[in-house]
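Per-entry structural report
These are the residues of each chain, in order.
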Amino acid sequence: GGIFSTIIGTLALTIVAIVVATPLGVGTAIFLREYTRESRISRIIRFGTDCLAGVPSIIFGLFGFVFFVITLNMGWSILSGGLTLAAMILPTVISTTEEAIKTVPYSLREVSYSLGGTRWQTVTRAVLPNALPGIFTGVILSVGRSIGETAAIILTAGSSLVMPTSLFSPIRTMAVHFYILAREGISMEMAYGTGATLILLVLGINLIANWLLNRYIRHRA
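An account of the accompanying structure is given in this report. Keep in mind it's a predicted model, so treat the numbers as computed, not measured.

Right, let's get into the overall build of the protein. Helices and strands together make up the secondary structure of the protein, namely nine helices and zero strands. Scanning the protein from its N terminus toward the C terminus, one meets helices and strands in the order α-α-α-α-α-α-α-α-α. Counting only C-alpha atoms, the protein reaches 65 × 40 × 30 Å along its principal axes. The proportion of buried residues among the 221 residues of the protein is 40%. Long-range contacts, defined here as pairs at least 24 residues apart, represent 73% of the contacts in the protein between residues at least 6 apart.

Printed below as a string of structure tokens:
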């Protein structure tokens, strides 16, 4: 019946994950770099972030299945899968955002403070605009991981080929569809076609993101 429903499911799942993970990740990085000194709390947060970055995706899938699907009674759905993916990509967003903020010269902060700017104004008008390219890169990396994930998605979003109608609908992503077709040997031609479409989708997203980023840089220059 085609793969249109899997394309929609892939995009919907990725959007939910990015929408949830980006504000949390960027906010955590700003707190660590701009609102707190090196302390026990910041060391614990960084240690937890490093630990999460090394956890296998199947463990995130089991966590999402137990917590979102069963405990919160969300069932196999876009929301369950998106929240699980958000937890997976959160360490990437935090670490890349923190590194991007670290590269912003401290002189920009001093100029902002000398002109009477508050810390919040300094962060939002001086630090974040200059760190945006690095933050954007981290988000794009997270998008790539979200689109290509399989194990965690099967356990939390299901593998239904029905067109999703809400955030509580089960879906099948393109990566899961490719995996099922290749594993069961139903049709290798369809599996290869799905894989090619997945590659083109990731390529298109990266090209659009690169174009937007270059346009932003030229506009600021």
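What follows covers the environment of isoleucine 205. Relative to the helices and strands, isoleucine 205 is located in helix 9 (residues 188-220). The class of isoleucine 205 is partly exposed, set by a relative accessible area of 22%. Sequence-wise, isoleucine 205 and glycine 148 are 57 residues apart; in three dimensions their C-alpha atoms are separated by 13 Å. Discounting residues that sit within four places of it in the chain, isoleucine 205 has contacts with Val143 and Ile147.

With that settled, the discussion passes to the packing of helix 1 (residues 4-34) against helix 4 (residues 78-102). Here helix 1 crosses helix 4 at 35°, and the two axes come no closer than 6 Å. For the pair helix 1 and helix 4, the sense of crossing is right-handed. Class assignment for the residues of the contact of helix 1 with helix 4 results in 22 nonpolar, six polar and four charged.

A few words now on helix 3 (residues 57-71). Because an α-helix completes one turn every 3.6 residues, residues spaced three or four positions apart along the sequence face the same direction. In a regular helix each residue adds 1.5 Å, so 15 residues correspond to 21 Å; helix 3 covers 20 Å between its end C-alpha atoms and thus fits that length. Its axis deflected by about 30° at glycine 64, helix 3 carries its strongest bend there. Looking at helix 3, one finds that the buried residues are Ser57, Phe60, Gly61, Gly64, Phe68 and Val69. In this fold, the buried residues of helix 3 make contact with helix 2 (40-53), helix 4 and helix 7 (151-156). Of the residues trailing helix 3, asparagine 73 is marked for its positive phi of about 60°.

With that settled, the discussion passes to the side chain of glutamate 149. As for its placement among the helices and strands, glutamate 149 is situated in the loop between helix 6 (119-148) and helix 7. The charged side chain of glutamate 149 is buried without a salt bridge, its nearest counter-charge being arginine 145 at 4.6 Å. Within the structure, glutamate 149 has its side chain in polar contact with the side chain of serine 57 (distance 3.1 Å). For glutamate 149, the side chain forms a polar contact with the main-chain nitrogen of alanine 151, separated by 3.3 Å. Once residues lying within four places of it in the same chain are set aside, the contact partners of glutamate 149 are Ser57, Leu85, Met88, Thr173, Ala175 and Val176.

Cut-off values and rules
Residues numbered from 1 in each chain as written. Predicted model: local features only at pLDDT ≥ 70, side-chain atom pairs only at ≥ 80, totals over all residues. Heavy atoms only, no water. Helix = DSSP H or I, 4+ residues; strand = E, 2+ residues; numbered from the N terminus. Buried < 20%, exposed > 50% of the residue type's maximum accessible area, 1.4 Å probe, protein only. Contact = heavy atoms within 4.5 Å. Axes fitted to C-alpha atoms, helices over the stretch in contact; angles between N-to-C directions. Left-handed = near helix turned anticlockwise from the far one by under 90°. Nonpolar A, V, L, I, M, F, W, Y, C, P; charged D, E, K, R; others polar. Expected span 1.5 Å × (residues − 1). Bend = angle between axes of the 7 residues up to and from the residue. Lys, Arg positive; Asp, Glu negative; His and termini not counted. Salt bridge = Lys/Arg side-chain N within 4 Å of Asp/Glu carboxyl O. Polar contact = N/O pair within 3.5 Å; in protein donor to acceptor, adjacent residues only side chain to side chain.

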